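Next come the chains, spelled out residue by residue.
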Amino acid sequence: MQDTGIRDRMNKKKYLDRKILFSCLLHFSIGFEMGGFQAVLRTMAEFFSLERIDSGFLVSAQYVGIILMPALIGRIADRVGKKRTLVVFMLVFSIGAFIVGVSSWLGIAVLGLLFIGSGYGVAESVSTALLGDHYKENADRYINLSQAFLCIGAVAAPLVSSLTFFLWRWVFLSSSAVCLVSLVLLLSETGFAKVMHTSDALLLDKSLIQSNLFRLFFITMLLYVGMENGFGYVVETYFYDSFRSSWGAYAISLYWSAMALSRLLSSTVSSNLYVQLKIRFTAITLVYIVLALSTSPVLSLILCALIGFSFGPIWSFIMALAIRNYPEKTASVTGLISSGCGLGGVLFPILMQLVPLGKGFVLLAAAALAAGVCIVFAARQDRAMLYIAKN
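Here is what the cut-offs are and how they apply
Residues numbered from 1 in each chain as written. Predicted model: local features only at pLDDT ≥ 70, side-chain atom pairs only at ≥ 80, totals over all residues. Heavy atoms only, no water. Helix = DSSP H or I, 4+ residues; strand = E, 2+ residues; numbered from the N terminus. Buried < 20%, exposed > 50% of the residue type's maximum accessible area, 1.4 Å probe, protein only. Contact = heavy atoms within 4.5 Å. Areas by Shrake-Rupley, 256 points an atom, 1.4 Å probe, with all protein chains shown as cover. Lys, Arg positive; Asp, Glu negative; His and termini not counted. Charge placed at Lys NZ, Arg CZ, Asp CG, Glu CD. Polar contact = N/O pair within 3.5 Å; in protein donor to acceptor, adjacent residues only side chain to side chain. Phe/Tyr/Trp six-rings, centres within 6.5 Å; stacked < 30°, edge-to-face > 60°. Lys NZ or Arg CZ within 6 Å of the ring centre and 35° of its normal. Core = buried A, V, L, I, M, F, W, Y, C linked by side-chain atoms within 4.5 Å. Expected span 1.5 Å × (residues − 1). pLDDT = per-residue confidence, 0-100. 1 Å grid on protein atoms, 1.4 Å probe; cavity = no way out; pocket = protein on both sides within 12 Å on 5 of 7 lines; lining within 4 Å. Points joined across faces, edges and corners; volume = space filled by probe spheres on them. Nonpolar A, V, L, I, M, F, W, Y, C, P; charged D, E, K, R; others polar. Axes fitted to C-alpha atoms, helices over the stretch in contact; angles between N-to-C directions. Left-handed = near helix turned anticlockwise from the far one by under 90°. Bend = angle between axes of the 7 residues up to and from the residue.

**Overview of the overall build of the protein chain**
Along its length, the protein chain carries 16 helices and zero strands. For the C-alpha atoms alone, the extent of the protein chain along its principal axes is close to 60 × 45 × 45 Å. Scored against the burial criterion, the 391 residues of the protein chain give a buried share of 54%. Within the protein chain, contacts between residues separated by at least 24 positions form 86% of all contacts whose residues are at least 6 apart in sequence. A total of about 17400 Å² of accessible surface is found on the protein chain, and carbon and sulfur atoms cover 67% of it. Charge-centre separation for the protein chain: the mean point of 30 positive side chains lies 6 Å from the mean point of 20 negative side chains.

**Brief notes about the side chain of Ser 332**
Summarising the element assignment, Ser 332 is placed in helix H15 (residues 330-354). Overall, the relative accessible area of 4% leaves Ser 332 in the buried class. Polar side-chain contacts of Ser 332 include one of 2.6 Å to the side chain of Asp 78. In this view, Ser 332 contacts Gly 74, Arg 75, Asp 78 and Leu 208; residues no more than four positions away in its chain are not counted.

**Considerations on the packing of aromatic side chains**
Taken as a whole and assessed by the stated rule, the structure comprises 21 aromatic pairs. Arranged with centres 6.2 Å apart and planes meeting at 80°, the rings of Trp 168 and Phe 172 form a pair that is edge-to-face. Ring centres of Tyr 255 and Trp 256 lie 5.5 Å apart, and the angle between their planes is 70°; this geometry places the pair in the edge-to-face category. Here a set of aromatic residues connected by ring pairs shows up, and it is made of Tyr 224, Phe 231, Tyr 238, Phe 239, Phe 243, Tyr 255, Trp 256, Tyr 288, Phe 311 and Phe 361. In this arrangement the basic side chain of Arg 244 is found over the ring face of Tyr 240, its NZ or CZ atom lying 5.0 Å from the centre. The side chain of Arg 380 reaches across the aromatic face of Phe 377, ending 5.8 Å from its centre.

**With respect to the nonpolar core**
In this structure, Phe 172, Met 227, Phe 231, Tyr 288 and Phe 311 are the most contacted members of the largest nonpolar core, which totals 119 residues. Element by element, the count of residues in this core is highest for helix H5 (residues 106-135), at 12 residues. Setting aside residues up to four positions removed in sequence, Tyr 288 forms contacts with Met 227, Phe 231, Ile 307, Phe 311, Phe 361, Leu 364 and Ala 365.

**Overview of helix H7 (residues 169-188)**
The end-to-end C-alpha distance of H7 is 29 Å, a good match for the 28 Å that 20 residues give at a rise of 1.5 Å each. Of all the positions in H7, only Arg 169, Val 171, Phe 172, Ser 175, Ser 176, Cys 179, Ser 182, Leu 183, Leu 185 and Leu 186 are classed as buried. In the core, the buried residues of H7 are packed alongside helix H2 (18-47), helix H4 (82-102), H5 and helix H6 (139-161).

**Overview of the confidence of the model for the protein chain**
With 90% of its residues at a pLDDT of 70 or more, the protein chain shows a mean pLDDT of 87. For the stretch residues 1-15, pLDDT sits under 50, and the model shows 10 contacts to residues farther than four places along the chain or on other chains. The model gives residues 198-202 a pLDDT under 50, and that stretch makes eight contacts with residues more than four places away or in other chains.

**Here we look at empty space enclosed by the protein**
This structure, assessed with the given rule, holds one cavity of 30 Å³ or more. In this model, the largest cavity occupies a volume close to 450 Å³. What lines the largest cavity is a set of 27 residues, among which Met 34, Tyr 63, Tyr 120, Glu 228 and Asn 229 lie closest to the centre. At the level of secondary structure, the elements contributing two or more residues to the lining of the largest cavity comprise H2, helix H3 (56-80), H5, H6, helix H9 (212-232), helix H11 (248-266) and H15. Ranked by the residues each element gives to the lining of the largest cavity, the list is headed by H3, at five residues. The class makeup of the residues in the lining of the largest cavity is 16 nonpolar, eight polar and three charged.

**Some details on the packing of H2 against H6**
It is the contact of H2 with H6, at a shortest axis distance of 6 Å, that shows an interaxial angle of 35°. In this structure, the crossing between H2 and H6 has a hand that is right-handed. Tallied by class, the residues present in the contact of H2 with H6 amount to 17 nonpolar, nine polar and no charged.

**Digging into H2**
Since there are 3.6 residues in each turn of an α-helix, residues three or four apart along the chain are aligned in direction. The axis of H2 is deflected most strongly, by about 55°, at Val 40. Directly beyond the C-terminal end of H2, a positive phi value near 60° is found at Ser 49.

Right, dumping it as structure tokens:
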């Protein structure tokens, strides 16, 4: 009994150490920029004299970095060290956010957004790999905790930016400052486990690309982030067009808040990740179908919260499974999967614009079903690989 009490106290301390505080602050700064950018995009477009359709150019500038850099840099991080790589790209993110925050020229702002995307993508993926290296079997809990703070940042930024005295520039300057604070915590922490991969291949690990299990993780993550972004970018339009209601803003806040709560709850318990993923993708499929049929704004508002809660730990669970199966290539794995996140995040909002709104939710239901099927096959592949390893 005494040993159990000591272990419980040690587990509680883990949530308070600099490793966790650094990661939570980093993800809060990323979430604050992400949610804040969406909230001030129209204001930014007006400042730079862009038409509404041209404002997508600003979003694209950020996503170029998110898609390309994690895949390219993850391999290098495994070779030269994840902490070193993280320090560099946290600085890239912070500098990029500062540039956007002080820029008066469109070209400079686009350059800053490219920096933000590059720093965002690499910092998120490499910090996840770093947590995976250090916490091993409990990695999903701490990754979930970090991701919960990303959600909190994404909720906080639109609320803060709605204040009359808050300028759009402050979204980026605030994100830059919080990221620098988390960087100080990272630099002061010397206890991270050092796991380095020494393959001769520099940028591309063919063994990963050829692995069926990795491909299933990659496709599942692409579908998941595609669903997340595809849903997030149409919610406000959905409520206005379907119900002539301004509840879209409340729906987005409920969606992110429910996701944050789900991630926080998942960070406190351990469970079978494959079973959890199957249950969540099944639930998401059903909720999207009901949302496509809904004729009530109240019901739709509740469904938006259910979608956020069901999404909750999916990102963290997929990353944790990938890290667990490729322990010597964690940054390569998380980097490539993060690039899949970027691809899904770009493709699905475009697809949602090409189909009628109701059918768009059916499309997302189909994506959730496909992701669930991928997880079924991934679980079988994982068991087969474990059986071969034991024999």
